[in-house]
Structure formats: C-alpha cells, structure tokens
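Per-entry structural report
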Amino acid sequence: MTQIKANMAGNVWKIVVSKGDTVTEDQDVVILESMKMEIPIAADEEGIVKELSVNEGDFVNEGDVLVIIE
Amino acid sequence: MSYVEQLTEKVDTIKKGGKEKYHKNNQERGKLFVRERLNLLFDKGLDIEDAFFANCMDDELPSDGVVTGIGEMNGQKVCVMANDSTVKAGSWGKRTVEKIIRIQETALKLELPMLYLVDSAGARITDQIEMFPGRRGAGRIFHNQIKLSGRVPQICLLFGPSAAGGAYIPAFCDIVIMVKGNASMYLGSPRMAEKVIGEKVTLEEMGGAKMHCAVSGCGDVLAKTEEEAIEFARNYLTYFPANFRSKPKKAAVPAQKAFHKTIKDIIPANQNTPFDMKELIDQIIDTNSFCEIKKLFAPEIITGLSRIEGGVVGIIASQPRQKGSVLFPDSADKAAKFIQLCDAFNIPLLFLMDVPGFMIGTKVESQGIIRHGAKMLASMSEATVPKISVIVRKAYGAGLYAMAGPAFEPDAVLALPTAQIAVMGPEAAVNAVYANKIASLEGEERQRFIKEKQEEYRDDIDVYRLASEMVVDQIVEPDQLRVELGKRFKAYESKNVEFTKRKHGVLPV
C-alpha cells in the first residue's frame, strides 16, 4: 500500500483516476491548483487505486494524503 | 632472503589490504576493494602513491587504511585519497589523517582536482589524542577542504559510511556521489541516537543514500553500483578545468539528433499548464551532453552541466512539471550552490525561466524562504561568468530576479514569443487591484469584468511591449534558440569582470 501525498499546499483541482483503476509509475492521479499553476501529482509506483482520500475543491497541505494505491 | 625479496614481500602484503574475511564481507555487499576502485577511476591506475608504508610496523594496519596519490582521469591529473574499509573499517588513525592532509596540500600546491573515495567508520578512538584535537588532527582535513574549495574541483565518492566528523568530508566537496544501499552519512549512528535521544530508526532512514539525495540535499547523485558512481565522476570532471585559473576544455560538437517535436510544440500556450523543461533542454544542448546534478532533490528546479556548440554551459532551469516550478527554500539552496560551482570554475550560466515566483504561506515563511531565496539571488548576482537568461514562458515576481533577470547584469535577456514578465500573473493581479470592485459585482457581470481586466493586464505585459522598453534584448524564434545561444556564448567568451572589491560579502544564510 502506498500513499500518494501532496508535494505542496493547494486546492484539489481535478482527480483524474477512479477507485479500482490501474495506474502505472509516473502516471498523474490528481492535479492540484496552487500559485495559479496546475500541479500534477503522479504515482510513485504501479498499483491499483484503493482509495481517494480527497474531493475536488478540497484544500490540502503539503504532505496530506491524496490517493492510496495498492 | 635478499633485500629486494624482502621489499617485494612487504609490498605484496601491504597491497592486499586487510584480512580476507573483510574482503569477503565487502564482496557480499557489492563493494570493490580500494585498489580496484582506483583502477576503474583512473586511465592507467594510480601513477604515484604516497606513504604506502605508513604504519608498516603494525601488520594489522597496511597503509594505515588509506591510499593516497596521483592518477589521471581522461588525461587530467588528479589527487586522490581512498579509504580501505578492509583495514579497521577504514577508520582514521594518526597516519591516516596525516596522509589525507598531505595529499590535500599536494592538490593545493599543484592546483589539481582532489577526489575523496570515502568508506570509513570514522575516528579510531584508541588513537584520539594523536589524530583528533591537534594542529594536524582531523580538523585540518576540513580546514584544507575549505581552502581548496573554489580553487580546484573537489569530488566525493561515497561507497560506505562517512560517520560523525567524517561526514564533513562530503559536506565540503563540490559534489557527492552516493552508492545506493551502501553509502551513508550521519553525525550520530542509529545506535547512538537511541542511547542519547531515545529515537529508534534504521540506518537508511538516518543517513541513507536515497534520503540524502532526495530529502536532505547532502548527496547530489544516487548511483546504483560503485561502477556507475565511478563512471559518473569520470564524466563529471570532463566539464571542469583543473583549477580556477583555467577554462573548461571544449569538446567536439556531435551531430544533433532528430526530434519528433519542435520547441514550439513543447511549450503550451496556457501559462498555467505544465510541460517538461527537460525536453526543451535536450533540443538546445549538444546531443547527450546533459550531466544533471541533484536530480532527486528539489526537482522543481533543474541544475546540470551541458555543452552548447562544444562549450561547457551550466543550466539552471525551471521545471513546470514539478510543483509548477514554484521556488521553495530547497530549490533556492540547490540553485545557489550550483551557480557558485559554475562561477568558481569559469563555466558560463544559462537560466531558463518559467517561474510563477517563490512559494507563499506560513509553512515556507517559517522555514525562512526569504533568507534562502536571498542566497540564490546573492550567488547569481555575484557570478561574473557569461550569463544568459531566457524567458521561456512566465517570469513573475522575485522569480524573475532569482533567475538572473535584467537587473542582475546578465549579458543578455532573451525571450521566446511565449514570454510574460510581471510582478504577478493576470489572475492574481486583477484580484489584488480590483478586489473591492469584484466583490461589488455579481454573476455574469463579475465574470465579464474579471475577463476584461485580465485581457487589459495581458496586453500591458505583452512581450513586444517589454522588448520595446528594452527589458529584453531579443525575441527569439523558439526553434532558433540553440543557434542564438551558441553565437552569444561564443561572443561572451572574453568577458572579464570583477564583481566588486572587498574582503568578502556577508552571505545571507
């Protein structure tokens, strides 16, 4: 199980995967919006999306868990 | 036995290093014997060895656990010290320290690069009075490193531990190449941490190669094997002159490879959409000439050595693919050291800007982002090598300043047609200027107003307007950027300026 975390503070702009999806390493899973920029957050490793820990529009801090993959 | 036979026998014994069981331990961990490492590092092995017989009256301590001497890397003479971990775990005795100090003094006299092949448990506590506190104790090694810094390149290859005081050897090098799984740096071991402060951690968490290369920033390059680390060091040194008095050698220009995309295709028109700056770098430098430094640390800024038309160029580039290329305390530190490294050894600098500015918020303010950012500005500003800044897309706020904006005496500020320079982006600016007005409007009227003001703002910061005001020196067709840079770096080769006269500035650390 791997937690994919926000690497900086911002708002969750788009969640681009769904529960049960298979993701590959370096595939974007969530796009944050911070400092007026789109911040893609990619999976560190391959896996299946087990849980989406945030909703679109949520504010997240650096280090908050976004998605859990297995 | 004749005298000669006696000598040969002694030499053979010492050359073998420590006991067989320690050689075996090393093999099991993928570690090479110190003399094999030196054979791989140098073109034709170690040419000159000093104090080979150090501590030879003690059979247990061949060469006192360190090999020092001079060898050639791609034809360049360099000085080296290399710990032998088969001898008392590479620990430092009195003669070990003296040998290291002497080879550093040789590097200083001959103005040759200094390499440190570190694999050492630290001080031999039993010898502490002789090797720790005195004038020629271990402290002198660091004093010498600090004196050598900026005079000659200093490279650390970390193959094993560098513990406690020993951890300062990598800290004072220009670059630290760490071997994954085996290399570690820490002031206190996990065992000591548990005893003294009650913290329970693994060695990897405490000071492993991956942690240092990705999180602490004490490591620069993470290598999978010792061979890979050595190969990296050999290649890295080809970008450097032997010392600060000379310039890096030019290389032959290889045939440019073909690309599927043009630079125009790489850069999205929307300022907020990420792209991979490495694709752009690839197109403007000589094929396969990129030697990235600190790839895993603060990846929102890219730092690396390259060649353009055969000449060495240090690149500092925003990476919008990571954290929107916003500058953080770590990104500023990373850039500051890299700029100093290049400037010290006469390597021209290229800044590729697509930067929305420095990060804001309580987290970074409490980390001291202002003083960290100031370090980047200071080292960039003091650099007197040829400097070219290219505004690839946006250059907002202090981001413009940190990335060698017009006020910091770059030799040229070039802009691509996609460039936008402003205190802040259109969205943030309109919100700031018209906050009350926007609050008083509703629905469609509000949206229309915001859009209209943003358009006005965009026109105001239009790149042609900035070129007309001579903020930028040239607007370059993206696919002509390589040619333009080649011509300009060539033209600026004879630059010869002194930043200012003084003892030294006060670093905003």
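Here, the structure is the one placed above.
Residues numbered from 1 in each chain as written. Chains lettered and ligands numbered in written order. Predicted model: local features only at pLDDT ≥ 70, side-chain atom pairs only at ≥ 80, totals over all residues. Heavy atoms only, no water.

**Concerning the interface of chain B and chain A**
- Chain B puts 21 residues into the contact, and the matching count from chain A is 13 residues.
- Between chain B and chain A the total buried area reaches about 1400 Å² when both faces are included, carbon and sulfur atoms providing 62% of it.
- Looking at the side of chain B facing chain A, the largest losses of area belong to N272(B), R321(B) and K323(B), adding up to 35% of the total buried there.
- Among the ionic pairs, D28(A) bridges to R321(B), the shortest N-O distance being 3.0 Å.
- At the boundary of chain B and chain A, one finds 4 residue pairs in polar contact (both at pLDDT 80 or more).
- Going through the elements one at a time, strand 13 (387-396) and helix 18 (426-433) of chain B are the ones with two or more residues in the side of chain B that touches chain A.
- A total of 3 residues in the side of chain B that touches chain A trace back to one element, the largest contributor, which is helix 18 of chain B. (Contact = heavy atoms within 4.5 Å. Buried area = accessible area lost by both parts, 1.4 Å probe. Salt bridge = Lys/Arg side-chain N within 4 Å of Asp/Glu carboxyl O. Polar contact = N/O pair within 3.5 Å; in protein donor to acceptor, adjacent residues only side chain to side chain. Helix = DSSP H or I, 4+ residues; strand = E, 2+ residues; numbered from the N terminus.)

**Notes on the packing of helix 18 of chain B against helix 20 (residues 443-460) of chain B**
Residue and element names in this part refer to chain B.
- Relative orientation of the contacting elements helix 18 and helix 20 amounts to 115 degrees, with a least axis distance of 9 Å. Taken as a pair, helix 18 and helix 20 cross one another with a handedness that is right-handed. Every residue of helix 20 that contacts helix 18 at P426, E427, A429 and V430 is listed here: I450, K453, Q454, Y457 and R458.
- Split by residue class, the contact of helix 18 with helix 20 holds 5 nonpolar, 1 polar and 3 charged. (Axes fitted to C-alpha atoms, helices over the stretch in contact; angles between N-to-C directions. Left-handed = near helix turned anticlockwise from the far one by under 90°. Nonpolar A, V, L, I, M, F, W, Y, C, P; charged D, E, K, R; others polar.)

**A closer look at the sheet that holds strand 3 (residues 22-23) of chain A**
Residue and element names in this part refer to chain A.
- The 4 strands lie next to each other as 1-8-6-3, forming an open sheet whose pairing is antiparallel. Where the open sheet ends on each side, the last strands, each with one partner, are strand 1 (2-5) and strand 3.
- Sheet analysis places strand 1 next to strand 8 (residues 65-69), joined by 4 bridges and oriented antiparallel. Bridge assignment links K5 to a residue of strand 8, and that residue is V65. (Pairing = 2+ DSSP bridges.)

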